[in-house]
Structures are given as C-alpha cells and as structure tokens.
Amino acid sequence: MEDMDSRLVRELFDFRKTIRTATFFMDRLLDCLESPVPVSGIRKNPSYPCNPWLNSEPREAGRLRITRYIPAMLVDGKPYRTIWLSDSEPRLVQIIDQRKLPFAFKIADLRATDDAARAIVEMQVRGAGLIGATAAAGMYLAAIEATAETDFEAAIQKRAEFLCEQRPTAVNLRWAVERSLAAILECETNEEKVTAARAMAQTVADEDADFCRRIGQHGMELIREIHNRTGKPVNVLTHCNAGWLAFVDYGSATAPIYAAHDAGIPVHVWVDETRPRNQGARLTAWELGQHGVPHTVVADNVGGHLMQQGMVDLVITGTDRTTFTGDVANKIGTYLKALAADDNGIPFCVALPSSTFDWEIRDGVNGIPIEQRGGDEVTVMSGVPVDRSGPEQEFQIVAEGSPAANFAFDVTPSRLVSKLITERGICDASEDGVHGLFPEKFS
Ligand code: MRU
C-alpha cells in the first residue's frame with residue numbers, strides 16, 4: 001500500500017503537471033492573440049532581440065491566420081537564440097558572449113569575417129551547432145567583404161578556408177562553410193551572392209534550432225519510458241555543455257530534458273563540471289537553472305560512483321563529430337563516462353543533429369582530429385569572489401614550472417554508445433543504424 005508521503009509526492013507531481021499544461025496552453029493562446037502578421041511564414045515580434053519562433057507553418061482558420069510557433073529558451077524569462085542577424089543593421093550579426101557566463105550576460109557584435117573567426121577560436125561561441133551557425137553568419141559577412149574586391153570568387157574562397165581553420169574537431173564548421181559557399185557560387189551578381197549568403201546563414205540557424213527541437217521530442221520518449229517504469233524522477237547525467245548555448249536553441253543533449261520537464265515528467269540532471277573550462281558548471285547548470293530544471297553540479301570524477309549507487313538512469317551527451325559508423329567525439333572525459341555506464345548497465349545516449357555526422361571517416365578513434373589547447377586552461381581557473389563582491393578573476397592552481405597538457409576531446413567507440421538521438425529519430429550507433437535513418441547519405 002502506498003504510504004502517505006509517497007501519495008502526497010505523487011499528488012503534488014500531478015498537480016504541478018496540470019498547472020504546467022494549463023499555463024502552456026494559456027501562453028500559446030495569448031501569443032496567438034498578440035501575434036503580429038507573420039512575415040514569410042515566420043512570426044516577427046520586435047520586442048524580442050531575435051526571432052524566437054521557428055518552423056512556423058501558417059495555416060488559415062476562417063479569416064484568422066494562425067501561426068504555429070515554438071517558444072525558444074529563456075534568459076530571465078525572455079526568449080533568446082545564441083546568434084541572430086540584426087534586422088536593423090544589415091552588416092551586423094549578434095551573439096551571446098559565452099565567455100562571461102554565468103556571471104555576466106553580454107551580447108557581442110560581429111561585423112566582419114575576422115570577428116566571426118575570433119568568436120569561434122576564442123570561444124565566445126562554442127559547441128558544434130553554434131560553431132556551424134557562426135561560420136554561416138561569417139560567410140555572409142565574408143560575402144559582403146568580397147564584393148569590394150576585384151576577384152569575388154578568390155576573396156570568398158580565401159575567407160571560407162580561413163573560417164574552417166579556426167577549430168578542428170566540430171565538423172559543423174566545414175559543413176556550414178561549404179554549404180554557404182555552394183549557395184553563393186550559384187549566383188550571378190554580387191548582390192545576389194550577398195542575399196544568398198544571408199539567407200543561408202538564416203537557414204542554417206533555423207534548421208539547427210528545428211533539428212534540436214525534434215531531437216527533444218524523440219529523446220523525451222526515452223525519459224518518459226524510464227519514468228513510467230520506475231514511477232520516480234529520472235536522473236540524467238550529462239557532460240560538458242550540449243545545451244541551447246552550444247546550438248542555436250534547445251540544445252542536443254538537453255533538448256530531451258527540456259521537453260520532458262515541460263511535459264511534466266520529473267527529471268533531475270547530474271551536471272559534470274567539465275574541466276578544464278567548466279562548460280558544465282558554468283553553462284549547463286546556468287541554462288538548466290534559467291529553465292527551472294532541477295540539477296546538481298558534480299566534480300568530473302563523481303559519475304562512476306553515482307552510477308554504481310543507482311543514482312543515474314540515463315546518460316545523454318552531445319557530440320562535436322560522430323562518424324557514420326557511430327564513433328562519438330565529444331568533450332574530454334566523455335569516454336570515461338561511457339565506460340562507467342557500460343560497466344553499470346546504464347544506457348549511454350548521444351544526441352546530435354545530422355550536421356554533426358562525419359560521412360567520410362569510418363574509424364573515429366584514429367580518424368577524428370582532436371583539438372589540443374593551451375595548457376593555461378588547465379593551470380588557471382577563474383571565478384568571482386564567493387560573496388560576489390567583485391568581477392571575475394583568474395587563479396593559478398598548479399605549482400610553478402609544471403607543464404600541462406590539454407586534450408579538448410576524446411572519442412567514445414560505437415560499442416559503448418547505446419543509442420544516437422537525431423532529428424529523424426533514434427537509432428543504434430552503428431553503420432546500419434545510421435543508414436536506416438539517413439539512407440540518402442550512403443548512396
Ligand atoms: O570546446 P567546446 O566548449 O566547444 O566543447 C564542445 C562542447 O560543447 C562539447 O563537446 C559538447 O558536449 C558537444 S558539442 C554540442
């Protein structure tokens with residue numbers, strides 16, 4: 001028989017779910033009533049810093065035009081994307097400068113190819129999807145610059161190569177640059193080329209957000225299934241930041257978590273701090289907190305213990321590049337989590353949009369280039385004073401003279417990956433599994 005406490009907890013969960021559902025529908029209704037006229041199928045709302053709706057599918061209902069839209073992730077209750085093209089200034093791209101988070105929320109301006117390249121290499125933006133979206137925006141700025149040169153094609157090719165050189169592991173970078181280049185080179189006049197580059201920058205961003213939203217819908221079913229089986233809140237462990245900050249919106253690893261949370265499925269996230277740059281502690285924890293998702297930050301080495309003690313139901317990570325055979329490159333330390341998950345019979349899932357697949361490399365361990373970064377990321381840490389009384393400061397944490405090595409990524413072989421969660425659905429981490437969802441890539 002159910003005891004009083006469990007009944008109360010269950011009833012509270014049910015009540016919270018009812019409130020959430022009612023709030024969701026009221027918000028949707030209010031947004032519909034307030035909606036300005038949709039522009040090109042996408043609803044514009046000038047009070048937001050960027051268009052927070054995507055995948056809009058306008059349909060006629062009598063004389064009332066209703067646009068289906070999806071609210072974006074929130075910062076202090078306001079929807080944001082991580083990158084957007086300014087509506088008011090044609091040569092301006094804006095990004096959230098992630099280096100300052102979680103202690104300061106700053107927007108940075110990109111007005112030239114060099115700015116986009118710097119944003120990528122200095123990690124104002126990071127994460128596979130967002131690196132791709134920034135590269136596409138960089139190509140738009142590059143196209144504008146190339147119109148001032150005598151040989152447009154040579155100028156754009158040079159800038160495309162320059163953008164690709166900025167970071168080696170995330171495959172979305174070259175994918176976005178090549179996609180943009182192809183669209184630009186199809187056009188006749190310089191004006192058409194710039195227009196095509198801008199349209200492609202927008203498409204890459206919209207597609208990234210939409211694919212992540214779909215990943216959320218598919219991945220949520222894994223969380224729901226665990227909850228239905230156990231009747232308890234689902235504990236998900238994640239590594240690094242594969243949240244909306246690493247993409248344009250929603251995130252890859254976090255999308256199923258946000259979707260589950262929004263659907264009233266109780267979920268709690270163990271957030272690996274993710275040394276050396278602490279993307280888990282600084283970014284993932286911040287964005288989960290902004291969305292109200294229960295979470296706990298743990299030191300990187302805690303995961304194995306949590307798994308042994310039955311405190312993890314599911315691991316979901318993102319990836320910077322995944323081979324078509326299912327080998328997964330992700331933030332350093334991911335491989336160790338996969339080994340621990342395997343030893344404890346816990347599903348280890350990887351969420352990715354198709355733009356993160358490498359369709360050429362078969363053997364990820366030997367084929368995927370692993371970025372090595374400066375040792376100072378290991379020897380120096382930064383943060384604000386405990387009482388928050390001052391700005392962020394840096395601290396040396398290693399004895400003087402000790403050299404440090406800094407491998408930014410590792411590769412988890414497909415045999416340790418339970419499932420891949422993509423925009424088209426969930427598949428085995430194998431060539432056959434990936435082929436089943438993306439047959440056109442194999443022809
Ligand atoms: O070096 P970073 O911060 O760009 O690291 C990339 C990542 O954010 C992670 O590896 C992430 O988990 C996968 S990319 C969505």
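Residues numbered from 1 in each chain as written. Predicted model: local features only at pLDDT ≥ 70, side-chain atom pairs only at ≥ 80, totals over all residues.

Visitor: Please provide a residue-by-residue account of the overall build of the chain, values included.
Guide: Regarding its fold elements, the chain presents 13 helices and 22 strands. Buried positions account for 43% of the 443 residues belonging to the chain. Partitioning the intrachain contacts of the chain with sequence separation of at least 6 by distance along the chain shows that 72% fall at a separation of at least 24. (Helix = DSSP H or I, 4+ residues; strand = E, 2+ residues; numbered from the N terminus. Buried ≥ 20, exposed ≤ 12 C-beta atoms within 10 Å, placed from the backbone. Contact = placed C-beta atoms within 7 Å.)

Visitor: Can you break down the nonpolar core residue by residue, with the values?
Guide: One finds Ile83, Ala137, Met139, Ala197, Leu314 and Ala351 to be the most contacted residues of the largest nonpolar core, which totals 105 residues. Considering every element that reaches this core, the biggest residue donor is helix H6 (residues 190–230), with 15 residues. Residues in contact with alanine 197, not counting those within four places in the same chain, are Met139, Tyr140, Ala143, Ser180, Ala183 and Ile184. (Core = buried A, V, L, I, M, F, W, Y, C linked by C-beta atoms within 7 Å.)

Visitor: Could you give an account of the site of the ligand, with specific residues and numbers?
Guide: In the vicinity of the ligand lie 16 residues, with Arg126, Cys240, Ala242, Gly318 and Lys331 positioned nearest. Taken together, the residues of the shell around the ligand sort by class into five nonpolar, eight polar and three charged. (Near = placed C-beta within 6 Å. Nonpolar A, V, L, I, M, F, W, Y, C, P; charged D, E, K, R; others polar.)

Visitor: Please provide a residue-by-residue account of unusual backbone geometry, values included.
Guide: Phi is mostly negative for residues that are not glycine, and the peptide bonds are mostly trans. Across the junction of leucine 101 and proline 102, the peptide omega takes the value 5°, indicating a cis bond. Residue proline 276 is bonded to the preceding arginine 275 through a cis peptide linkage, with omega at 5°. Structurally, proline 276 can be placed in the loop between strand S11 (267–272) and helix H8 (279–291). The residue methionine 123 is not glycine, and still its phi comes out positive at about 60°. Structurally, the position occupied by methionine 123 is in the loop between helix H2 (113–121) and helix H3 (128–146). Judged by C-beta crowding, with 18 C-beta atoms within 10 Å, methionine 123 ranks as partly exposed. Not every positive phi belongs to a glycine, and cysteine 240 is a case in point at roughly 65°. Note that cysteine 240 resides in the loop between strand S10 (234–238) and helix H7 (255–262).

Visitor: Help me get a handle on the packing of H2 against H3, residues and values and all.
Guide: The geometry of H2 relative to H3 is characterised by a closest axis approach of 8 Å and an angle of 165° between their N-to-C directions. Compared by their axis directions, H2 and H3 come out roughly antiparallel. Handedness of the H2/H3 crossing: left-handed. Across from Thr113, Ala116, Ala117, Ala119 and Ile120 in H2, the residues of H3 making contact are Ile131, Thr134, Ala135, Ala137, Gly138, Leu141, Ala142 and Glu145. Residue classes in the contact of H2 with H3 are distributed as nine nonpolar, three polar and one charged. (Axes fitted to C-alpha atoms, helices over the stretch in contact; angles between N-to-C directions. Parallel < 35°, antiparallel > 145°, perpendicular 65-115°, else oblique. Left-handed = near helix turned anticlockwise from the far one by under 90°.)

Visitor: Explain the pairing of strand S15 (residues 328–331) to me, using residue names and the numbers behind them.
Guide: Of the pairings in the sheet, the one linking strand S14 (residues 321–323) to S15 comprises two bridges and is antiparallel in character. Note on S15: the bridge partner recorded for arginine 321 is alanine 329. The antiparallel hairpin formed by S14 and S15 contains four residues in its connecting segment, where glycine 326 sits at a positive phi of about 100°. Where S15 lies against strand S20 (residues 409–412), four bridges are found, and the strand directions are antiparallel. Paired with lysine 331 across the bridge in S20 is phenylalanine 409. (Pairing = 2+ DSSP bridges.)

Visitor: Please provide a residue-by-residue account of the sheet that holds S14, values included.
Guide: Strand order in the open sheet made by the four strands is S17-S14-S15-S20, with mixed pairing throughout. If you trace the sheet from one side to the other, it starts and ends with strand S17 (357–358) and S20, each paired once. Two strands pair when backbone bridges link them, and S14 and S17 are joined in this way by two bridges, in the parallel orientation. Following the sheet pairing, threonine 322 is matched in S17 by phenylalanine 357.

Visitor: Give a description of the sheet that holds strand S7 (residues 83–85) that names residues and reports values.
Guide: Neighbouring strands of a sheet are bound in pairs by backbone hydrogen bonds; such pairs are parallel or else antiparallel. Taken in spatial order, the three strands make up an open sheet running S7-S8-S9, and their pairing is antiparallel. What marks the edges here is a single partner per strand, and that holds for S7 and strand S9 (106–110). Strand after strand, the sheet turns through a mean of 25° between neighbouring axes, direction not considered. Pairing of strand S8 (residues 93–97) with S9 involves five bridges; the strand directions are antiparallel. If you follow isoleucine 95 over to S9, its bridge partner there is alanine 108.

Visitor: So what's going on with the environment of phenylalanine 438? Residues and values would help.
Guide: Among the secondary structure elements, phenylalanine 438 is positioned in the segment after helix H13 (431–437). Residues phenylalanine 438 and arginine 424, 14 residues apart in the sequence, show an inter-C-alpha distance of 8.3 Å. When sequence neighbours within four positions are dropped, the list of residues in contact with phenylalanine 438 reads Ser354 and Arg424.

Visitor: Account for helix H4 (residues 152–164), with residues named and values stated.
Guide: Here H4 contains 13 residues, and its C-alpha end-to-end distance of 18 Å stays within 8% of the 18 Å for a straight helix at 1.5 Å per residue. Among the residues of H4, Ile156, Arg159, Ala160 and Leu163 are the ones counted as buried. Viewed along the axis of H4, the buried residues span an arc of 105°, placing them on a single side of the element. Of the exposed residues in H4, those oriented more than 90 degrees away from the buried face are Ala154 and Glu161. Contacts made by the buried residues of H4 are with H2, H3 and helix H5 (172–185). (Expected span 1.5 Å × (residues − 1). Arc of directions from axis to C-beta.)

Visitor: Let's hear about the confidence of the model for the chain: which residues, and what values?
Guide: Across the chain, the average pLDDT comes to 88, with 84% of residues at or above 70. Predicted confidence for residues 27–69 stays below pLDDT 50, and this span has 48 contacts to residues more than four positions away or in other chains. (pLDDT = per-residue confidence, 0-100.)

Visitor: Go over helix H10 (residues 334–343) with me, naming the residues and quoting the values.
Guide: Along H10, the positions that sit buried rather than exposed are Thr334, Lys337, Ala338, Ala340 and Ala341. In an axial view of H10, the angular spread of the buried residues amounts to 165°, which keeps them on one side of the axis. Where H10 is buried, its residues touch helix H9 (303–308), strand S13 (314–317), S15, strand S16 (348–351) and S20. Downstream of H10 by a residue or two, glycine 345 has a phi angle that is positive, lying close to 65°.

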